[in-house]
Amino acid sequence: MSITDTVPMTAGPTGVSYANYPISDLVNSGRITKVDHPDAAMKMAEFYNVVNMISNTVASLSFNFYKDHIKLSASEYDQVRLWKYEMYPGLPPFKVLKAFVINGLKGGNGYMIIERDKMLRPISYINRMWNEMYPFRTTDGRIWYYDTVTKLVFPHYDVMHLADITGDALIGKTKVQHQAETLGRSKAANDFVNKYFGKGLFLGGVIEYPVGSGITEEDLPGLEKSASDNFGGVDKSGQVMIVTEGGQLKQFKTDIPLGDAGYLEGEKLTKADIRGMFGVPDEINDEASLTRYHNDAVLPIIKCIEAEINLKVVRPSEMGMVYGKFEMDSILRADANTRANVIEKYLRNSLMTINEARALDDRAPIPGGDDPMVMANNMVPLAQLQDFVNSKMT
């Protein structure tokens, strides 16, 4: 084994690994011992793969504001600029929205603080990690959010909240937690966390040795076996590890709830099981699977974000007239035939103009393309229908 290889590194409660780490990134001038378990690595990798897939889909969607069903431009509505170009200084909407959705999926709750000017208009959006804010209700029923970063309390209308699975609309549960509870494993997972992590157990780590420590590559296999045999697994919690030759034990950090990590590592889950938790089909290769992905994985998140925007971003005086909406059509771009058929039907029934159809593919408008069309053997502008009929009668 070369110390410049990329290898799965040590993980914890069951003595397994769940993340690939480039050794060169961890020790530029040292040596690391590892314990390897590909199955657990696969499960955690698939978990993050699904989270990345869904968050990319949502963040890639075009978002627009409308007034009386007419799309607004940046000159007509101040929020258009923020949601199209820069939601936070230096950060485009894609990055801000992706982080928002990732936190909602990983921790069950995504939070975004709405920063306002003196006129109470939103001027930027600040993401918080799923474990950095805590919602609570006061005795009068109002919802507030405590921000552990600034130590401030925000009213509900100043925090966009993406709650995943929730029964009280206050705080969400992760999909992993929901499945664990459905299968009756939640109590066991909580007992696991309380019993073992409270004693200093962690999900994994690496032992780093400095150059000149006397540890050679030939020593690594023996060190790996010793670490796994003596300190891997929940039954080894509380054991004392003595690291010699100047070595340092550095634990991995987990950015998902510990109970979820323990459940993912401990259960016999397949890739299809993990995808199923999030409503993602095992394969997305046809219209039916794309529709399932749209309806089960993406649409609930989109509707939650739209509801938060229309309640907390749109000003009270504008409600009922102005609203924000994601353009879900872009999800169907992979299915060209279905998309073409839908657009054709919209054009034939005057539900869409030619220029609106061209805009879906970022094509420039054409003269006369803003007039609705109607079928009359051939497509003719709706405004010219009477002239067309008269011409046929003469």
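Being a predicted model, the structure only gives us computed values, none of them experimental. Once a new chain begins, its residue numbering starts again from 1 and follows that chain's sequence as written. Totals for whole chains, interfaces and linings use every residue, but because this is a predicted model, local features are given only for residues with pLDDT of at least 70 and side-chain atom pairs only at 80 or more, for both listing and counting. For the side-chain quantities, the full set of heavy atoms in the structure was used; hydrogens and water were omitted.

Caption draft 1: Seen up close, a nonpolar patch on the surface. Residues form patches when they are more than 30% accessible in relative terms and have no salt bridge. Like charges link within 9 Å. Nonpolar side chains (Val, Leu, Ile, Met, Phe, Trp, Tyr) link within 5 Å. Residue exposure ignores everything except the shown protein chains as possible cover, and the areas themselves are Shrake-Rupley values with a 1.4 Å probe. For salt bridges, the criterion is a side-chain nitrogen of Lys or Arg within 4 Å of an Asp or Glu carboxyl oxygen. Together, Val342, Tyr346 and Leu351 give the surface a local cluster of nonpolar side chains, amounting to about 280 Å² of exposed area. Only DSSP runs of H or I covering at least 4 residues are called helices, and only runs of E covering at least 2 are called strands; the numbering of each starts at the N terminus. Mapping Val342 onto the fold places it in helix 11 (residues 336-348). On the accessibility criterion, Val342 (32% relative accessible area) is partly exposed. We call a residue buried when its accessible area falls under 20% of the maximum for its residue type, exposed when it is over 50%, and partly exposed in between, using a 1.4 Å probe and counting protein chains only.

Caption draft 2: Main features of the side chain of Ser124. Tracing the backbone through its elements, the reader meets Ser124 in strand 7 (residues 122-128). Of the residues examined, Ser124 reaches a relative accessible area of 2% and is grouped as buried. Engagement of the side chain of Ser124 in a polar contact is seen with the side chain of Glu115, the distance being 2.5 Å. The contact definition used throughout considers only heavy atoms, calling two residues in contact when any of these lie within 4.5 Å. Once residues lying within four places of it in the same chain are set aside, the contact partners of Ser124 are Leu82, Met87, Tyr88, Pro89, Ile113, Ile114 and Glu115. Polar contact criterion, stated in full: a pair of N or O atoms within 3.5 Å, where within protein one must be able to donate a hydrogen and the other to accept it, and residues adjacent in sequence count only if both atoms are side-chain atoms.

Caption draft 3: Representation of the sheet that holds strand 14 (residues 322-326). Two strands pair if DSSP finds at least two bridges between them. One open sheet holds the three strands; their spatial order is 5-4-14, and the pairing between them is antiparallel. Each edge of the open sheet is held by one strand with a lone partner, namely strand 5 (70-71) and strand 14. Looking at chain direction, strand 4 (residues 63-67) and strand 5 are connected through two bridges and run antiparallel. Looking across to strand 5, one finds that Tyr66 is bridged to Lys71. Where helix 10 (residues 287-312) meets the sheet, its contacts fall on strand 4 and strand 14, and the angle it forms with strand 14 comes to roughly 160°. An axis is simply a line fitted to the C-alpha atoms; with a helix, the fit covers only the stretch in contact. Between two such axes, the angle follows the N-to-C directions and lies from 0 to 180 degrees.

Caption draft 4: Region of interest: the confidence of the model for the chain. The pLDDT averaged across the chain works out to 76; a share of 68% of its residues lies at or above 70. In the model, residues 1-37 has pLDDT below 50 throughout and makes 117 contacts with residues more than four positions away in sequence or in other chains. Counting contacts from residues 196-201, a segment whose pLDDT is below 50, to residues more than four positions away or on other chains yields 14 contacts. For every residue, the predictor states its confidence as a pLDDT score lying anywhere from 0 to 100.

Caption draft 5: Region of interest: the nonpolar core. We call a set of buried residues a nonpolar core when its members are Ala, Val, Leu, Ile, Met, Phe, Trp, Tyr or Cys and they connect through side-chain atoms within 4.5 Å of each other. Core analysis: the largest hydrophobic core is formed by 49 residues, its most contacted members being Ile54, Phe65, Trp83, Tyr125, Met160, Phe278 and Ile305. The residues touching Tyr125, leaving out its near neighbours within four places in the chain, are Gln79, Leu82, Trp83, Met87, Tyr88, Val96, Met112, Ile113, Ile114, Met160 and Val313. Of all hydrophobic cores here, the second largest spans eight residues; its members include Ile143, Phe154, Val159 and Leu170.

Caption draft 6: Spatial organisation of the pairing of strand 6 (residues 109-116). The element strand 6 is extensively covered by neighbouring structure, given that six of its eight residues are classed as buried. For strand 6 and strand 11 (residues 159-163), the ladder comprises five bridges, and the chain directions are antiparallel. Looking at the pairing, Gly110 lines up with Leu162 of strand 11. Examined bridge by bridge, strand 6 and strand 7 share six bridges and lie antiparallel to one another. Note that in strand 7 the partner of Ile113 across the bridge is Ile126. In sequence, strand 6 turns back onto strand 7 through a hairpin of five residues, with Leu120 there showing a positive phi of about 70°.

Caption draft 7: Inspection of unusual backbone geometry at higher detail. Residue His69 is not a glycine yet carries a positive backbone phi of 70°. One can find His69 in the loop between strand 4 and strand 5. In this structure, Lys151 is a non-glycine residue whose phi angle is positive, near 65°. By the secondary structure assignment, Lys151 is in the loop between strand 9 (143-147) and strand 10 (152-155).

Caption draft 8: Structural view of the pairing of strand 10. The pairing of strand 9 with strand 10 spans four bridges and is classified as antiparallel. Following the sheet pairing, Tyr145 is matched in strand 10 by Phe154. With antiparallel pairing between neighbouring strands as the criterion, strand 9 and strand 10 make up a hairpin whose turn holds four residues, including Lys151 at a positive phi of roughly 65°.

Caption draft 9: How the structure looks around the sheet that holds strand 6. Reading across from one edge, 7-6-11 is the order of the three strands in this open sheet, with antiparallel pairing throughout. Looking at strand neighbours, the two that pair on one side only are strand 7 and strand 11, the edges of this open sheet. Taking each pair of neighbouring strands and ignoring which way they run, the sheet shows an average axis angle of 20°. Each of strand 6, strand 7 and strand 11 is contacted by helix 4 (residues 93-107), which is oriented at about 145° to strand 6, the strand it contacts most. Contacts from helix 10 reach strand 6 and strand 11 within the one sheet, and its direction differs from that of strand 11 by about 160°.

Caption draft 10: Expanded view of helix 4. Given a helix with a known number of residues, its expected span is that number minus one, times 1.5 Å. Look at helix 4: 21 Å from first C-alpha to last across 15 residues, which is about the 21 Å you get at 1.5 Å a residue. Of all the 15 residues making up helix 4, 11 are buried; the element is thus mostly covered by neighbouring parts of the structure. Of the positions making up helix 4, those classed as buried are Pro93, Val96, Leu97, Lys98, Phe100, Val101, Asn103, Gly104, Leu105, Lys106 and Gly107. At the exit of helix 4 stands Gly108, carrying a positive phi of roughly 85°.

Caption draft 11: Main features of the side chain of Asn355. When you line up the elements, Asn355 lands in helix 12 (residues 354-360). Taking relative accessible area as the criterion, Asn355 reaches 7% and is therefore assigned buried. Discounting chain neighbours no more than four positions away, the residues touching Asn355 are Pro365, Ile366, Gly369 and Asp370.

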